[in-house]
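A look at the structure
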Amino acid sequence: MGARLKLIDVCQSFWQAVRQLSGDDGYERYLAHHAAAHPDTSPLSRSAWFAHRQQQKWSGVNRCC
Amino acid sequence: MKTNPTNILLWLIVSLLGASAVGGIALHRGESINALWFITAALCIYAIAYRFYAAWIAATVLSIDPSRATPAERLSNGRDYVPTHRWIVFGHHFAAIAGPGPLVGPTLAAQFGYLPGTLWILFGAVLGGCVQDMTTLFFSTRRNGKSLGQMARDELGAIGGSAALIATFLIMTILIAVLGLVVVNAMKNSPWATSTVAATIPIAMLVGLYMYKLRPGRVLEGSALGVVLLLMAVAGGGWLDGQAGLRVWFDHPGLSLAFAVIVYGFAAAILPVWLLLAPRDYLSTFVKLGTVVLLALAIVWLRPDIKMPALTQFVDGSGPIFGGKLFPFVFITIACGAISGFHALIASGTTPKLLSNERDIRMIGYGGMLMESLVAMMAMIAATVLDPGVYFAINSPAGVVGKTATEAVATISAWGFPVTVEQMNLLAQQMGEATLFARTGGAPSLAVGMASIFGSTFGQGMLAMWYHFAIMFEAIFILTTLDAGTRVGRFMLQDMLGNLWPAMGRTSWYPSVLLSSGLVVAAWGYFLYIGVIDPNGGVNILWPLFGISNQILAAIALCVATGILVKSGKLKYAWITVLPLIWLVIITSTASWQKLASSDPRIGFIAAANSLSDKLAAGALPPDKAAVAPQLIFNQQLDAVLVLFFVVLLWLIVGDMLRVCARHLRGKPVPPLAETAYHPSELEQAWVRD
């Protein structure tokens, strides 16, 4: 039983790493940050946040040869 | 450092294993050598370098301070400054630095034999490239994530800053042109490859719409959908290739494809990023990581034999793929994978804003480059497991070995690398191509190498599928680099033009977007066009130009690092950056000099221009070559000017760095260190390492 729980744990943290690495959980992280840092203002909607992220990500050198 | 006996014994074994693997590779002469030796040598050397050299640099030279708050902690804003777990930063950093460069360079350099390239990939990385990436990452982290150009300006002066900016712009232009050429050579007269690569565009757009409109921000869902569609496109291309009515639509010579790539590049630069660039980048990252892992597993599983000799006769400079002697051209040809100046742009700017603790710098800066070096090593293996005759038949341009298959195999066999027309025809048929001759540029031979490794590991029946998968794999991130590079070039140009005419500097003003994108595309489009019409293959000219400019950018980064080390009172440790810097100055200056002054028209630009105009004047050229000769002559002259400009730029910045260091050592005023003040980190206690 214990070993099985451990396996589930490993899978979960792997999945979390994949989500974080790909940016899939970016909006949830943004919401968490927003709630902590600016609780008095309302956060961006999911699509507005994504549009903003994309624009920001691709305005500098971020891919190499 | 723990000095218990088990530890000492362990590292002793690693050292012995590494030394015997390197010795085995270097001294082996005979039939063939197993690829596993290469992997063993690489892993042992990387482990030793990381455990001892990198740790020593981190602790003693840079004095990394885990108690110091990083910019990500101090300036955390949930957007670009975000304290992030080190494995996540490592993933982002590696995905950003590893493009097609480490795959193409080693494949081309294999014309000298497996040994020179392999040694340079190993030792260039641990002593040069990794040190450059790590020091740049560290210094940028201590400066709130400033870019290399800003650091050069702050620490050395205006000359250094401008040199870095101009070098970046030019290297980008050359890089995009040569990568475009690699894709064109992989697609020419191949309906399967062309249709698959073409299909990646609507697939990326679909994924873009999915991630942006349908399910905003669901990156993994969108990417999974895209990867499935890409695999279907590879299979679909094979089906299409069998349909006589359809295949003609995708059967084009190099020149038409070059124009298609140019038009595409312009469209991609002006379309919104979410529609094409961003989704394709997700796809290319997943496909890249997946393929690299698969290739590593396949090499370990299959343990193929290396068939290329350790050294070939082409070390004398007569190589068919690019002209020039072993020294300095092997060091120019393999830039990415050993030392790549472009990494300094990633290591300053994006990555430092994610670091949650300075102690991660060793793993991300040094370790990230070690991974890229390993990718280059695998590309070297994939190129050298081919029969050398096959390797040269695929990579030698028609202008060198002859236009027909019979001529080409006769020339190549006469070099001592036996190959037959039947062998090449059978291989082409297995790979689902009409011909594999004269596909200069590295992508097709790498794809054949990968296809044979994958085919032997996962079943021979799918060779053609693996081949086109490998072509798609390279094309997809070459096109990502092409889009991203054009965009960055556009921003840089808008920034420069904005000084003359403020409206041009507004990055979202549409006329400015159109004009500056058009100029950037025209710049690389020109070099791509010339590369395609050049009967000697274009790669012969463009790849060395790219290598020289990339190494010069690396020299600029090392100049900045050296200047900062000296100004921080660490003169006695400055050799860690000075040694690779001296080496880069020697190889780039020698290569530039040979490119300018060599009397061999395959090496010297001026000699090539003169020889061609003599032939033109004497009427010795056939009509098709005479028609393009004036353009080629002009281009050779332009390339000569460009190389001269590069090397002047290099010496300017080296001189500037020496001036600043000399002034500092004599106690005269210099630009002050721009390091931000110490703030204790509060993250360490609260931070749960997830």
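Residue numbering note: each chain is counted from 1, following its sequence as written. Written order decides the labels, with chains lettered from A and ligands numbered from 1. For a predicted model such as this one, the threshold for reporting local features is a pLDDT of at least 70, and the threshold for listing and counting side-chain atom pairs is 80 or more; totals across whole chains, interfaces and linings nevertheless cover every residue.

Moving on, we get to the overall build of chain A. On a plain count of helices and strands, chain A comes out with three helices and zero strands. Secondary structure counts use DSSP, requiring at least four H or I residues in a row for a helix and at least two E residues in a row for a strand, with both numbered from the N terminus. Reading chain A from its N end, one meets helices and strands in the order α-α-α. Radius of gyration (C-alpha) of chain A: 17 Å, far over the 11 Å computed for a compact globule of 65 residues. Summarising its shape, the C-alpha atoms of chain A cover approximately 45 × 45 × 20 Å along the three principal directions. Field definition: a residue is buried when 20 or more other C-beta atoms are found within 10 Å of its C-beta, exposed when 12 or fewer are, and partly exposed for counts in between, with C-beta atoms placed from the backbone. Residues classed as buried in chain A amount to 23% of the 65 residues present. Here the globule rule is a power law, 2.2 Å times the number of residues to the power 0.38, and the radius of gyration is based on C-alpha atoms.

So, on to the overall build of chain B. Assigned secondary structure in chain B consists of 28 helices and two strands. Against the globule reference of 26 Å for 690 residues, chain B gives a C-alpha radius of gyration of 25 Å, in line with a compact fold. With the C-alpha coordinates of chain B rotated into their principal frame, the extents come out at 70 × 65 × 60 Å. Counting over 690 residues, chain B shows a buried share of 57%. The contacts of chain B with a sequence gap of at least 6 include a subset with a gap of at least 24, amounting to 81%. A residue pair is marked as a contact if its C-beta atoms, positioned from the backbone, fall within 7 Å.

Listed per partner, the contact involves 29 residues of chain A and 39 residues of chain B. Mapped by element, the contributors of at least two residues to the side of chain A that touches chain B are helix H1 (2–22), helix H2 (26–37) and helix H3 (46–57) of chain A. Counting residues per element, the side of chain A that touches chain B draws most heavily on H3(A), which supplies eight residues. Note on residue categories: nonpolar means Ala, Val, Leu, Ile, Met, Phe, Trp, Tyr, Cys or Pro, charged means Asp, Glu, Lys or Arg, and polar means any other residue, Gly included. In terms of residue class, the side of chain A that touches chain B is built from twelve nonpolar, 13 polar and four charged.

The next point concerns the packing of helix H14 (residues 326–333) of chain B against helix H25 (residues 575–597) of chain B. All names here are of chain B. What counts as an axis is a line fitted to C-alpha atoms, over the stretch in contact for a helix, and the angles between N-to-C directions run from 0 to 180 degrees. Between H14 and H25, the shortest axis-to-axis distance is 9 Å and the interhelical angle comes to 110°. Taken together, the axes of H14 and H25 are roughly perpendicular relative to one another. With respect to the hand of their crossing, H14 and H25 are arranged in left-handed fashion. In contact with Pro-328, Phe-329, Phe-331 and Ile-332 of H14, H25 contributes Ile-587, Thr-590 and Ala-591. Throughout, the term roughly parallel applies to angles under 35 degrees, roughly antiparallel to angles over 145, roughly perpendicular to angles from 65 to 115, and oblique to all others. What makes a crossing left-handed is the near helix being turned counterclockwise from the far one by less than a right angle; a clockwise turn instead makes it right-handed.

Turning next to the nonpolar core. All names here are of chain B. Each nonpolar core consists of buried Ala, Val, Leu, Ile, Met, Phe, Trp, Tyr and Cys residues. Their C-beta atoms, within 7 Å, join them into a set. In this structure, Leu-542 and Ile-556 are the most contacted members of the largest nonpolar core, which totals 243 residues. Counting residues per element, this core draws most heavily on helix H24 (residues 539–567), which supplies 20 residues. When residues no more than four places from it in sequence are discounted, the contact partners of Ile-556 are Ala-152, Ala-163, Ala-164, Ala-167, Gly-341 and Ile-653.

In this section: the environment of Ala3(A). With respect to the helices, strands and loops of the structure, Ala3(A) is situated in helix H1. For the pair Ala3(A) and Arg53(A), spaced 50 residues apart in sequence, the C-alpha to C-alpha distance is 40 Å.

Before going further, it helps to examine unusual backbone geometry. Residue and element names in this part refer to chain B. Residues Phe-327 and Pro-328 are joined by a peptide bond in cis, for which omega reads 5°. Looking at where Pro-328 falls in the secondary structure, it is placed in helix H14. The backbone of Ser-63 shows a phi angle near 50°, a positive value even though the residue is not glycine. Tracing the chain through its elements places Ser-63 in the loop between helix H2 (35–61) and helix H3 (71–74). At Arg-303, a position not held by glycine, the phi torsion is positive, near 45°. Given 12 C-beta atoms within 10 Å, Arg-303 falls into the exposed group.

Take the environment of Ile176(B) next. All names here are of chain B. Positionally, Ile-176 belongs in helix H8 (residues 158–187). Look at Ile-176 and you get buried, because 29 C-beta atoms sit within 10 Å. In this structure, the C-alpha to C-alpha distance between Ile-176 and Thr-70, residues 106 residues apart in sequence, is 34 Å. Setting aside residues up to four positions removed in sequence, Ile-176 forms contacts with Leu-482, Gly-485, Thr-486 and Trp-524.

When pLDDT is averaged along chain A, the result is 86; 98% of the residues meet or exceed 70. Confidence scores per residue from the predictor, reported as pLDDT, run from 0 to 100. Between the elements of chain A, mean pLDDT differs from a low of 86, seen in H3(A), to a high of 88, seen in H2(A).

To continue, consider helix H19 (residues 405–414) of chain B. All names here are of chain B. Taken together, the buried positions of H19 are occupied by Ala-405, Ala-408, Val-409 and Ile-412. One side of H19 holds all its buried residues, which, seen down the axis, span an arc of 90°. More than 90 degrees from the buried face of H19, the exposed residues found are Thr-406 and Ala-414. Looking at the packing, one finds that the buried side of H19 touches helix H17 (388–395), helix H18 (398–401) and helix H20 (421–430). Note that the arc is computed from the directions linking the helix axis to the C-beta atoms.

By the secondary structure assignment, Ala677(B) is in the loop between helix H27 (623–665) and helix H28 (683–686). Considered as a pair, Ala677(B) and Ala69(B) are 608 residues apart in the sequence and their alpha carbons are 9.9 Å apart.

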